[in-house]
Amino acid sequence: LLMVMVFQMVDQVQKTWNVARTRVSQFREARVAFDAVTRNLTQATLNTYYDYDYGNGLSVPDQNNLQVPKRYQRQSDLHFICGPSSTLLGDADNRTGHAIFFQIPGGFGTKSENSQLNDLLNSRGYFVEYGEDSSFKPSFLSEQTKPRYRFRLMEFRPPTDKLLVYLSGIKEAGVDAAGVRKWFEPSIGEGAEFDGGTVVRPIADNIIAVFFLPKFPDVQNDSNLKILSDDYTYDSREWQYANSSSIYSRAAYSKNLLPPLIEITMVAVDEKSMIRYQQLNGGDTSMPAFVPKTRFERYTNYQSFTDDLDEMRDSLDNKKVSFRVFNQTVPLRGAGWSRTSS
């Protein structure tokens, strides 16, 4: 009788331990990727400085009509942008959620003479993409195994040698939205390489969506006057192509300035759920509809964001998909906001 009781106790402890270990290992890759995104985002910089303003936001005078500077203005040669992937990267059928691109002192370069420079400037970007893994596997594995279709969190990570944010034309007033984004858009997709290596790589599988909410500290008490972005888009160069000239427009108060806070929300599913979902759908490799359409595109207040997230949770529960939501609000140390920032 005593041995039976001990056996039952050991068996129950072992089951509890296995469940806990499975939960930890299920989303370990997602947790590591989430920590990497938040850590890099805290280092985002625009390296701003003050320069002359000759009118209409121009930092250089009109050569045909030389004039006296009107005032000083905040300037930057760098760029911070976030928003729906359909806005930043085009309306691709294999991308979900949001995307973000910025610069950090990452110290990543390919030239040996720069190997000791730990503060080299790098670009970073993150977005979610669905597809197969042939381009990420060694050739001998690609030939021996079938393509594996999964959601993946992708990292845009060009070396300093390929830092294109200084391309001519990006900083000019009047350039259109596509013009200011040409330092990262051409590198997203197949065939974008540098010296035989890609600038975009997967850092975690089974990340079905990531969302970036630029916000003020008291966002839970949002009113129309406190919303930083009504469509989740924040662009430090929007002033170059926006139509509005009002000092209260988003283009004016985001001019060469980082948002004060970014709330990052990442949704991950486990591998077993993905395998089971594909088996139940006859091995269909098309992108599962895990993220509801038209959601996470309009922002009226914080409740609208949580409502969209709750709808996504309900959708995953109905599909019997095991998932986990990671969430953290990151302060951007280089933001420098004040009541007179605009």
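This text goes with the structure placed above it.
Here the structure is a predicted model, which is why all the values come from computation and not from measurement. Throughout, a residue's number is its position along its own chain's written sequence, starting from 1. Where local features are concerned, this predicted model is filtered to residues with pLDDT of at least 70; where side-chain atom pairs are given and counted, the filter is 80 or more; whole-chain, interface and lining totals use all residues. Hydrogens and water molecules were not included; the side-chain quantities draw on all heavy atoms of the structure.

**What about the overall build of the chain?**
Right, so step 1: When you go through the chain residue by residue, the secondary structure sums to eight helices and 13 strands.
Right, so step 2: Throughout this description, buried means an accessible area under 20% of the type-specific maximum (1.4 Å probe, protein chains only), exposed means over 50%, and partly exposed covers the range between. Relative to its full complement of 342 residues, the chain shows a buried share of 45%.
Right, so step 3: All accessible areas in this document rest on Shrake-Rupley with a 1.4 Å probe, and a residue is counted as covered only by the protein chains that are shown. Approximately 18600 Å² of the chain is accessible, and the part contributed by carbon and sulfur atoms is 50%. Only DSSP runs of H or I covering at least 4 residues are called helices, and only runs of E covering at least 2 are called strands; the numbering of each starts at the N terminus.

**Remarks on helix 8 (residues 302–318)**
Right, so step 1: For helix 8, which comprises 17 residues, the first-to-last C-alpha distance of 25 Å matches the rise-based estimate of 24 Å (1.5 Å per residue) to within 8%.
Right, so step 2: Burial in helix 8 covers these residues: Tyr302, Ser304, Phe305, Asp308, Leu309, Met312, Ser315 and Leu316.
Right, so step 3: We call two residues in contact when some of their heavy atoms are within 4.5 Å. Buried residues along helix 8 sit against strand 10 (207–215), strand 12 (261–269) and strand 13 (323–331).
Right, so step 4: Counted as a polar contact is a pair of N or O atoms within 3.5 Å, where, for protein atoms, one must be capable of donating a hydrogen and the other of accepting one, and residues adjacent in sequence contribute only when both atoms are in side chains. Its side-chain oxygen at 3.1 Å from the backbone nitrogen of Gln303, Asn301 defines the N-terminal cap of helix 8.
Right, so step 5: Of the residues flanking the end of helix 8, it is Lys320, one or two places downstream, whose phi is positive at about 60 degrees. Each residue after the first adds 1.5 Å to the expected span of a helix.

**Let's talk about helix 7 (residues 271–280)**
Right, so step 1: Among the residues of helix 7, Ser273, Met274, Tyr277 and Gln278 are the ones counted as buried. Here the buried residues of helix 7 occupy an arc of 130 degrees about the axis, which is enough to place them on one side. In helix 7, the exposed positions that point more than 90 degrees away from the buried face belong to Lys272, Gln279 and Leu280.
Right, so step 2: Buried residues in helix 7 make contact with strand 5 (122–131), strand 6 (150–156) and strand 12. Here the arc refers to the directions that run from the helix axis out to each C-beta atom.

**A closer look at unusual backbone geometry**
Right, so step 1: Its identity as a non-glycine residue notwithstanding, Tyr232 has a phi of 70 degrees, on the positive side.
Right, so step 2: Among the secondary structure elements, Tyr232 is positioned in the loop between strand 10 and strand 11 (234–235).
Right, so step 3: Positive phi outside glycine occurs at Thr294, with the angle close to 65 degrees.
Right, so step 4: Looking at the element boundaries, Thr294 is found in the loop between helix 7 and helix 8.
Right, so step 5: By relative accessible area, which is 60% here, Thr294 ends up exposed.

**Brief notes about the side chain of Asn122**
Right, so step 1: The topology assignment puts Asn122 in strand 5.
Right, so step 2: A polar contact of 3.5 Å, which involves the side chain of Asn122, links it to the backbone oxygen of Pro158.
Right, so step 3: Reaching out from Asn122, the side chain makes a polar contact with the side chain of Thr160 at a distance of 3.1 Å.

**Re the nonpolar core**
Across soluble globular proteins, you tend to see nonpolar side chains buried next to one another.
Right, so step 1: The biggest cluster of nonpolar side chains holds 74 residues, and the ones touching the most others in it are Phe80, Phe101 and Leu153.
Right, so step 2: Of all the elements, strand 10 adds the most residues to this core, at seven residues. Nonpolar cores were defined as sets of buried Ala, Val, Leu, Ile, Met, Phe, Trp, Tyr and Cys residues, with membership established by side-chain atoms within 4.5 Å.

**Digging into the packing of aromatic side chains**
Right, so step 1: In this scheme Phe, Tyr and Trp rings, the latter by its six-membered ring, pair at centre separations within 6.5 Å, and the angle between planes marks the pair as stacked below 30 degrees, edge-to-face above 60, and tilted otherwise. For the structure shown, the criterion picks out 19 aromatic pairs.
Right, so step 2: Ring centres of Tyr232 and Tyr299 lie 5.6 Å apart, and the angle between their planes is 70 degrees; on these two criteria the pair is classed as edge-to-face. Here the residue Tyr232 occupies a position in the loop between strand 10 and strand 11, and Tyr299 occupies one in the loop between helix 7 and helix 8, the gap between them amounting to 67 residues. Exposure class is identical for Tyr232 and Tyr299. Each is buried.
Right, so step 3: Among the aromatic side chains, those forming a connected cluster through ring pairs are Phe211, Tyr232, Phe296, Tyr299, Tyr302 and Phe305.
Right, so step 4: Consider the ring centre and the ring normal. A charge sits over the ring if Lys NZ or Arg CZ is within 6 Å of that centre and within 35 degrees of that normal. Lys255 extends its terminal NZ or CZ atom over the ring of Trp239, reaching a point 4.5 Å from the ring centre.

**Here's the deal with the sheet that holds strand 12**
Right, so step 1: Read from one edge to the other, the open sheet built from three strands follows the order 10-12-13, with strand pairing classed as antiparallel. Edge positions in the open sheet fall to strand 10 and strand 13, since each of these has one partner strand only. The mean inter-strand angle of the sheet, taken between neighbouring strand axes irrespective of direction, is 15 degrees.
Right, so step 2: By this definition, two strands are paired if DSSP reports at least two bridges between them. The sheet contact formed by strand 10 and strand 12 spans eight bridges and is antiparallel. Note that in strand 12 the partner of Pro214 across the bridge is Ile262.
Right, so step 3: Lying on the sheet, helix 2 (residues 28–42) is in contact with strand 10, strand 12 and strand 13; it crosses strand 13 at an angle near 15 degrees. Fitted lines through C-alpha atoms give the axes, limited to the stretch in contact for helices. The angle between two N-to-C directions lies from 0 to 180 degrees.

**Structural notes on the sheet that holds strand 9 (residues 200–205)**
Right, so step 1: Pairing in this open sheet of six strands is antiparallel, and the strands run 9-6-5-4-3-11 from one edge to the other. The strands lining the two open edges of the sheet, one partner per strand, are strand 9 and strand 11.
Right, so step 2: Pairing of strand 5 with strand 6, which is carried by seven bridges, proceeds in the antiparallel orientation. Each residue of the ladder has a partner; that of Val128, found in strand 6, is Leu153.

**Notes on the side chain of Ser273**
Right, so step 1: Summarising the element assignment, Ser273 is placed in helix 7.
Right, so step 2: Take Ser273: its relative accessible area is 3%, and that puts it in the buried class.
Right, so step 3: A distance of 2.4 Å separates a polar atom in the side chain of Ser273 from a polar atom in the side chain of Asp270.
Right, so step 4: At 2.9 Å, the side chain of Ser273 forms a polar contact with the backbone nitrogen of Ser322.
Right, so step 5: With sequence-adjacent residues up to four places away left out, Ser273 is seen in contact with Lys320, Val321 and Ser322.

All quantities given are derived from atomic positions and should not be read as evidence of function.
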